[in-house]
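# Structural overview
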Amino acid sequence: MRAALAAASSVLADVSETPRLDAELLMAHALGVSRETLLLQRLDSPTPHSFGPLLARRLAHEPIAYITGGRAFWTIELAVGPGVLVPRADSETLIEAAVDHFGTAGPKTILDLGTGPGTLLLAALDQWPAATGLGVDASPEALDYAERNRLALGLAARATLRRGDWGEGVTEVFDLIFSNPPYIGTQEHLPAEVRDHEPGAALFAGSDGFDDYRRIAPQLPGLLAPGGAAILEIGATQASAVTALLEAQGFAVALRHDLGGRPRALIATRSSELVTRRS
C-alpha cells in the first residue's frame, strides 16, 4: 500500500495542489476507515481493488469530497455530493470571526443565507450548544444534504431549513447572520474540478461577481438584531466594493483575512446611529 500511495501521489500532482492528502483520503475511503486509522494502522495492508477506480475519478478532476461523500469543516463532518458547493477551509474564517465577536456565550439565534449543505449554520450550532438557527437556500439539492447533515449531527431540534431566495420572506431577526454567496464573475477562470463539477448557481454572480451582494446587503438591516453581526465571505479582490455596499446600509465593517493572508470575510455591525434609529 505504501508504494500505491506514493505512485498515486505522483500522478495526482498534475491535478491537485494536495496530491498526497488526496491519495490518503481515497485510500482510506477504499478501506472504509478514517485517514488517521490508515496512517497509524493500515499502511502495510494490501491495496484494495476499489482504490484504482477512485483514483481514476480524481484524475478526471472530480472533487475529492464528491468521491468520498464527505468533507470535514470546523468541528463537524458534512455529507456532500453533486449539486452542492464543497465546504472549504477558507470559509472557517467566518466561524473564527464569529467566535471572536461573540465569545463563549455565543449568539442565541443564527441565520445562514445560502446554507448549502448546512456548512456555516451547523458548524456554529455545534460551537454554541444553546443557539438555534435557520438555514435558507434556493437549491433543493443543497437542502437535501443540509437535512441529512442536521440529522446526522443531532441538530434537528435546533436547526430549521427553508427553501428561499436569500432573506426574502424571512421575518425574524437574528444575532448572527452568515452568508457565503456566489461571488465569481461569469468570465473568471476556475479549476476544472470546480468549473465542471460544482453547481454554477453556487459559484457565479453576474459579470462582476457582485449580483448577490447587491441583493443581500439591503436585506440585512431588517434581519440583524441590535448588537449582532453579519459575516459575509468575499473573494480576494472584493473587500472594498462589498464594504461600500454594507456601509451604504448603515453598517460599520471590519475585514478578516484567511490563513493564507487573503481578504476573506467582512464583519458588519450596526453603527450607534442605526441602533438608535431602530430602537
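Throughout what follows, the structure given in this document is the object of discussion. All residue numbers refer to positions counted from 1 along the written sequence of the respective chain. At least 70 in pLDDT is required for a residue's local features to be given in this predicted model, at least 80 for side-chain atom pairs to be given and counted, and no such filter applies to totals for whole chains, interfaces and linings, which use all residues. As a rule here, side-chain values cover all heavy atoms of the structure and leave hydrogens and water aside.

### Remarks on the sheet that holds strand 8 (residues 251-257)
Selection criterion: Paired strands, in this sense, are two strands between which DSSP finds at least two bridges. Helix and strand definitions follow DSSP, with helices as H or I runs of at least four residues and strands as E runs of at least two, each counted in order from the N terminus. Axes here refer to lines fitted to C-alpha atoms; in helices the fit is confined to the stretch in contact. Angles between the N-to-C directions go from 0 to 180 degrees. Only heavy atoms matter for contacts: two residues are in contact if any of them lie within 4.5 Å across the pair.
On the basis of which strands lie adjacent, the open sheet formed by seven strands has the order 5-4-3-6-7-9-8 and mixed pairing. Only two strands of the sheet have a single neighbouring strand rather than two, namely strand 5 (159-163) and strand 8. Neighbouring strand axes in the sheet, compared pairwise and without regard to direction, differ in orientation by 15 degrees on average. Most of the contacts of helix 6 (residues 92-102) go to strand 7 (residues 224-233), to which it runs at about 155 degrees, and overall it touches strand 6 (174-179), strand 7, strand 8 and strand 9 (263-270).

### Remarks on the packing of helix 1 (residues 2-12) against helix 2 (residues 19-31)
Put simply, the rule is: Roughly parallel means an angle under 35 degrees; roughly antiparallel means over 145; roughly perpendicular covers 65 to 115; every other angle is labelled oblique. The sense of a crossing depends on the near helix, which, turned anticlockwise from the far helix by less than a right angle, makes the crossing left-handed and, turned clockwise, makes it right-handed. Charged means Asp, Glu, Lys or Arg here, nonpolar means Ala, Val, Leu, Ile, Met, Phe, Trp, Tyr, Cys or Pro, and polar covers whatever is left, Gly included.
At a minimum axis distance of 8 Å, the contact between helix 1 and helix 2 shows a crossing angle of 130 degrees. As far as their axial angle goes, helix 2 and helix 1 are oblique. By crossing handedness, the relation of helix 1 to helix 2 is classed as right-handed. Contact with helix 1, carried on its side by A4, L5, A6, A8, S9 and L12, involves P19, R20, D22, A23, E24 and M27 of helix 2 and no other residues of that element. Tallied by class, residues from the contact of helix 1 with helix 2 come to eight nonpolar, one polar and three charged.

### What to know about the packing of aromatic side chains
The cut-off we apply is this: Aromatic rings from Phe, Tyr and Trp, taking only the six-membered ring of Trp, are treated as a pair when their centres fall within 6.5 Å; an angle between ring planes under 30 degrees marks them as stacked, one over 60 as edge-to-face, and anything in between as tilted. Summary of the burial criterion: residues with accessible area below 20% of their type's maximum are buried, those above 50% are exposed, and those between are partly exposed, where the area comes from a 1.4 Å probe applied to protein chains only. Charge-over-ring contacts are defined here by two conditions on Lys NZ or Arg CZ: a distance within 6 Å of the ring centre and an angle within 35 degrees of the ring normal.
Within this structure, the stated rule accounts for two aromatic pairs. With a centroid separation of 6.2 Å and an interplanar angle of 70 degrees, the aromatic rings of F102 and W128 are classed as edge-to-face. Of this pair, F102 sits in helix 6 while W128 sits in the loop between helix 7 (119-127) and strand 4 (132-137), and the two are 26 residues apart along the sequence. Judged by its relative accessible area of 17%, F102 is buried. Ring centres 6.3 Å apart and planes at 50 degrees place the aromatic pair F210 and Y213 in the tilted group. Comparing F210 with Y213, the two get one shared label, buried. Above the ring of Y145, the side-chain terminus of R148 is found at 4.2 Å from the ring centroid.

### Things to note about the packing of helix 1 against helix 4 (residues 51-59)
Relative to each other, helix 1 and helix 4 sit at 15 degrees, their axes nearing to 11 Å. Considering their axes alone, helix 1 and helix 4 lie roughly parallel with respect to each other. Crossing hand, helix 1 versus helix 4: right-handed. Along the contact surface, helix 1 presents A4, A8, V11 and L12, while helix 4 presents F51, L55, R58 and L59.

Functional significance is not addressed by these values, which are geometric in nature.
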